[in-house]
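Descriptive analysis of the structure
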Amino acid sequence: RPQFNWEDPLGSQGLLTEEELGIQDTARSYCQEQLLPRVLDAYRTETYDREILREMGELGLLGATIKGYGCAGVSSVASGLITREVERVDSGYRSGMSVQSSLVMGPIEQFGSPDQKDRWLEKLGQGKLVGCFGLTEPNHGSDPGSMETTAKPHPTKKGYYSLSGAKTWITNSPIADLLLVWAKLDGVIKGFVVERDACPPGTLETPALKNKTGLRASITGMIQLDNCPVPEQNMLNVSGLKGPFTCLNSARYGIAWGVMGALEDSLSRARTYALERKQFNQPLAKFQLIQKKLADAMTDAAYGILAAHQVGRLKDADADAGQQATPEMISLIKRQNCDRALFHARTLQEIFGGNAASDEYHIGRHVANLYVTQTYEGQSDIHALILGRAITGVQAFA
Ligand code: TGC
Ligand code: FAD
């Protein structure tokens, strides 16, 4: 009879093109050979090596769906496969990459002027410039529409806006060269690319937020703007919340793939441990309760990958050819895959017994990271409300 493969239970590899399989192989080799050996130390010391973005840039992993500007121009499914391979190692490494690709290069490509694209996209794609995305504020997380950061015509510098306000929990901000900041201009949300090097002393600070309980292999900080002058030509050509949310559609899609990598790694490690560890003179893998934990995790990983794959194909579908990906589909897979990955990683952690408390077994790191993935880019309950609104036509946010 046909052979079952627990690592690809529903045969999703068969849905990939030759090119996608090649990209997956390249990403997997890089991640397992270059990122995995660094992750324990990075997580312990809470350090992020920006060289990682350069390495990813060299392999064409940054802004991978963008056509031109030296980017790879691959399918949305291929970009999902890349995030899955990176997050198989660590969600924090995927975070640094997602922000650069989906939340900085994406909006510049979509809403930037030809000059903005020429100046920044290629260098961002090579990892020579690092970007960050400032939407969340100390008093406004799930409700970014209430943001307090403002842009006003600069009082003394002609042709400049003056930005003031604070953003918090911003991935990459302490090391970012380009800071995409969302601020209200005459009450309307606009995106501004703040160039660190061009900011006069005292107008821009990006202190790191240290001692995190998860995502310790990524770097997170604040953005503090005090009458920071930003040239008018650095404003993106989009107005309202649809600006940041359009970028988030792409990043949330990437997370739905990424967390499946973290879950698959948790499953693989738990399986190996269960086969090697003996109690009551039997390998743990022989006990029914252990097998159920493995079966449940494998099942949800298989479903989650197929769902992400389907949304990826719809993202790339020709608009005239029929159905296309919608933000609600992305909310559905982001919420479901993050919730199931966190639930199963936490359950698989039990298989390791006391050893789960040692970071050498990696499982505790995945659990701590997956809690954050369930929270950022729209906490799961917020995505439930987005879906509830789509089902009923009634919004329940406020
Ligand atoms: P709402 O009335 O729903 O919409 C306002 C305007 O925005 C448009 N819109 C979208 N456009 C494109 N894609 C989407 N997904 C969109 N969602 C909304 C909408 O059509 C409307 O446009 P217009 O032209 O009619 O004005 O706005 P609301 O204020 O009621 O928002 C509701 C809610 C809760 C859904 C929204 O605020 C939300 O999603 N909150 C979650 C916040 C969030 O996701 N923050 C993410 C911060 S960035 C981050 O976490 C990066 S972590 C990166 C990493 O390290 O990996
Ligand atoms: P709150 O909005 O205060 O929500 C707290 C709880 O209340 C949540 O469970 C939420 O679901 C619930 N809640 C809120 N409103 C409702 C409601 N109407 N109905 C029911 N429940 C509700 N942001 C960026 O802009 N850029 C980044 O690069 C970035 N990186 C991040 C990296 C890390 C490590 C972390 C932890 C966060 C990052 N964030 C970033 C911020 C992240 O997007 C926010 O933390 C997230 O959107 C939630 O906002 P909050 O923390 O203010 O929680």
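Cut-offs applied
Residues numbered from 1 in each chain as written. Chains lettered and ligands numbered in written order. Predicted model: local features only at pLDDT ≥ 70, side-chain atom pairs only at ≥ 80, totals over all residues. UniProt positions renumbered as here; feature names shortened; annotations may be inferred. Helix = DSSP H or I, 4+ residues; strand = E, 2+ residues; numbered from the N terminus. Near = placed C-beta within 6 Å. Nonpolar A, V, L, I, M, F, W, Y, C, P; charged D, E, K, R; others polar. Expected span 1.5 Å × (residues − 1). Buried ≥ 20, exposed ≤ 12 C-beta atoms within 10 Å, placed from the backbone. Contact = placed C-beta atoms within 7 Å. Pairing = 2+ DSSP bridges.

**Quick word on the UniProt feature "domain: Acyl-CoA dehydrogenase/oxidase N-terminal" (unreviewed entry) in the protein**
Here, UniProt's "domain: Acyl-CoA dehydrogenase/oxidase N-terminal" (unreviewed entry) annotation points to residues 17-127. As annotated, residues 17-127 has a helix share of 75% and a strand share of 4%, and its two end C-alpha atoms lie 27 Å apart.

**Focus on the site of ligand 1**
With respect to spatial proximity, 25 residues lie near ligand 1, and among them Ser95, Thr171, Phe245, Pro327 and Gly378 are the closest. Counting residues per element, the ones that place at least two in the shell around ligand 1 are α4 (91-111), α6 (242-276) and α10 (380-392). No other element matches the five residues that α6 contributes to the shell around ligand 1. Split by residue class, the shell around ligand 1 holds twelve nonpolar, ten polar and three charged.

**Quick word on helix α9 (residues 363-375)**
Taking 1.5 Å per residue as the helical rise, α9 with its 13 residues ought to reach 18 Å, and the 19 Å between its terminal C-alpha atoms agrees with that figure. Within α9, the full set of buried residues consists of Ile363, Arg365, His366, Val367, Asn369, Leu370, Val372, Thr373 and Gln374. Turning to α9, the residues buried within the fold contact α1 (18-45), α4, α6, α8 (327-349) and α10. Just downstream of α9, Glu377 is the residue with a positive phi angle, here 55 degrees.

**Overview of the site of ligand 2**
Lining the immediate surroundings of ligand 2 are 20 residues, of which Leu135, Thr136, Gly141, Ser142 and Gln379 lie closest. Split by residue class, the shell around ligand 2 holds ten nonpolar, eight polar and two charged.

**Re the pairing of strand β3 (residues 131-134)**
Judged by which residues are buried, β3 turns out to be covered on both faces: Gly131 and Phe133 on one side and Cys132 and Gly134 on the other are all buried. Sheet topology places β3 next to strand β6 (residues 178-185); four bridges connect them, and they run parallel. Among the inter-strand pairings, Gly134 is bridged to a residue of β6, identified as Val181.

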